[in-house]
Amino acid sequence: MAYAVLLCLLGAGLAVLAATRTWSVELTARPVPLPPDRAARTGGDLLPWLPALALVGLAGAGALLGTRGIGRRLVGGLLALLGAGVAAGAGYAVLGTGGEVSAGWPLLCALGGLLVGAAGVLTALRGAGWPVMGARYDRARPAGAGREATAPDGRVDARRTTAAWDALDRGEDPTAG
């Protein structure tokens with residue numbers, strides 16, 4: 001599980017970094033005494049959805065930790081598709097945009113997408129057997145939670161934490177016995 005989360009974080013972080021760097025520079029000729037106009041374009045300028053997909057990959061790393069069972073496998077499948085989309089977008093920017101695009105940052109972006117995709121595939125295949133977060137902080141209440149937790153003699157039953165805190169607020173000692 002740790003490898004999948006780290007792969008996802010590393011790949012998505014690399015894709016976000018690469019998508020925000022300059023991928024192409026366009027020079028526009030101007031009249032003779034003026035230098036050419038230079039317009040730098042990042043990966044996000046060329047493909048506006050690319051940094052957004054990479055950021056969703058970062059959120060997916062957190063979702064891997066917070067889900068369990070079939071939900072985790074669905075997140076893994078989504079991350080695999082997302083990583084393929086990032087890699088395909090970076091490849092399209094190099095090959096299909098028609099302009100001159102340097103290959104360095106798009107290749108790193110594609111590598112990041114492939115890492116996110118690998119984390120998704122790993123999660124989809126093996127995620128069901130990974131540990132899950134504990135139910136310690138779940139909101140579910142035990143049966144009979146509305147009843148007062150006092151003993152017949154009026155003392156507070158120390159097994160109910162909220163009742164013990166309420167007793168302390170009233171100035172009673174819930175452990176006295």
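Preceding block: the structure.
The shown structure was predicted, so the numbers you read here are calculated from the model rather than taken from an experiment.

Cut-offs used in this document
- Residues numbered from 1 in each chain as written.
- Predicted model: local features only at pLDDT ≥ 70, side-chain atom pairs only at ≥ 80, totals over all residues.
- Heavy atoms only, no water.
- Helix = DSSP H or I, 4+ residues; strand = E, 2+ residues; numbered from the N terminus.
- Contact = heavy atoms within 4.5 Å.
- Areas by Shrake-Rupley, 256 points an atom, 1.4 Å probe, with all protein chains shown as cover.
- Core = buried A, V, L, I, M, F, W, Y, C linked by side-chain atoms within 4.5 Å.
- Buried < 20%, exposed > 50% of the residue type's maximum accessible area, 1.4 Å probe, protein only.
- Expected span 1.5 Å × (residues − 1).
- Axes fitted to C-alpha atoms, helices over the stretch in contact; angles between N-to-C directions.
- Parallel < 35°, antiparallel > 145°, perpendicular 65-115°, else oblique.
- Left-handed = near helix turned anticlockwise from the far one by under 90°.
- Nonpolar A, V, L, I, M, F, W, Y, C, P; charged D, E, K, R; others polar.
- Salt bridge = Lys/Arg side-chain N within 4 Å of Asp/Glu carboxyl O.
- Patch = residues over 30% accessible without salt bridge, like charges linked within 9 Å, V, L, I, M, F, W, Y side chains within 5 Å.

**Examining the overall build of the protein chain**
Phase 1 of the analysis: Across its full length, the protein chain carries 6 helices and 2 strands.
Phase 2 of the analysis: Ordered by position from N to C terminus, the α and β elements of the protein chain give α-β-β-α-α-α-α-α.
Phase 3 of the analysis: Here the analysis covers contacts within the protein chain between residues at least 6 apart in sequence; of these, 62% occur between residues at least 24 apart.
Phase 4 of the analysis: Carbon and sulfur atoms provide 64% of the accessible area of the protein chain, an area that totals close to 11,000 Å².

**Some thoughts on the nonpolar core**
Phase 1 of the analysis: In terms of nonpolar packing, the biggest core is built from 15 residues, with Ala15, Trp23, Leu47, Leu50, Val86, Ala90 and Cys109 touching the most fellow members.
Phase 2 of the analysis: Residue assignment for this core shows that the elements contributing at least two residues are helix H1 (2–19), helix H3 (49–66), helix H4 (69–95) and helix H5 (104–126).
Phase 3 of the analysis: Aside from chain neighbours lying at most four places away, what touches cysteine 109 is Ala15, Ala18, Ala19, Trp23, Leu50, Val86 and Ala90.
Phase 4 of the analysis: Cys8, Leu64, Ala119 and Trp130 belong to the second-largest nonpolar core, a separate cluster that totals 12 residues.

**Structural notes on H4**
Phase 1 of the analysis: Helix length check: H4 (27 residues) gives 39 Å between terminal C-alpha atoms against 39 Å at 1.5 Å per residue, within 8%.
Phase 2 of the analysis: Along H4, the residues that are buried comprise Arg72, Val75, Gly76, Leu79, Leu82, Gly83, Val86, Ala87, Gly89, Ala90 and Ala93.

**Some details on the side chain of threonine 123**
Phase 1 of the analysis: Mapped onto the fold, threonine 123 is located in helix H5.
Phase 2 of the analysis: Not counting residues within four places of it along the chain, the set of residues in contact with threonine 123 comprises Ala4, Leu64, Arg72, Arg73, Gly76 and Trp130.

**Overview of the packing of H4 against H5**
Phase 1 of the analysis: At their nearest, the axes of H4 and H5 sit 7 Å apart, and the two run at 160° to each other. Between H4 and H5, the angle falls in the class roughly antiparallel. Considering how the two elements wind past one another, H4 and H5 form a crossing that is left-handed.
Phase 2 of the analysis: Of the residues that constitute the contact of H4 with H5, the class distribution is 16 nonpolar, 7 polar and 2 charged.

**Remarks on the pattern of salt bridges**
Phase 1 of the analysis: Under the definition given, this model contains 1 salt bridge.
Phase 2 of the analysis: The partner of glutamate 172 in a salt bridge is arginine 170, with the nearest N and O atoms 3.3 Å apart.
Phase 3 of the analysis: The class for arginine 170 is partly exposed, based on a relative accessible area of 48%.

**Comments concerning the packing of H3 against H4**
Phase 1 of the analysis: For the pair H3 and H4, interaxial distance at closest approach is 10 Å and the crossing angle is 155°. Considering the angle they form, H3 stands roughly antiparallel to H4. Considering the relative orientation of H3 and H4, their crossing is left-handed. Judged by residue contacts, Trp49, Leu50, Leu53, Ala54, Val56, Gly57, Gly60, Ala63, Leu64 and Leu65 of H3 engage Arg72, Val75, Leu79, Leu82, Gly85, Val86, Gly89 and Ala90 from H4.
Phase 2 of the analysis: Considered class by class, the residues forming the contact of H3 with H4 number 13 nonpolar, 4 polar and 1 charged.

**A few points about the side chain of arginine 72**
Phase 1 of the analysis: Assignment of secondary structure puts arginine 72 in helix H4.
Phase 2 of the analysis: For arginine 72, a relative accessible area of 0% translates into the label buried.
Phase 3 of the analysis: Not counting residues up to four positions away in its chain, the partners in contact with arginine 72 are Met1, Leu64, Leu65, Thr67, Thr123, Gly127, Trp130, Pro131 and Val132.

**Concerning a nonpolar patch on the surface**
Phase 1 of the analysis: A contiguous nonpolar surface patch, about 350 Å² in accessible area, is contributed by Leu6, Leu9, Leu55 and Leu58.
Phase 2 of the analysis: Of all the elements in the fold, those that place two or more residues in the nonpolar patch are H1 and H3.
Phase 3 of the analysis: On the secondary structure map, leucine 55 appears in helix H3.
Phase 4 of the analysis: You can call leucine 55 partly exposed: its relative accessible area is 48%.

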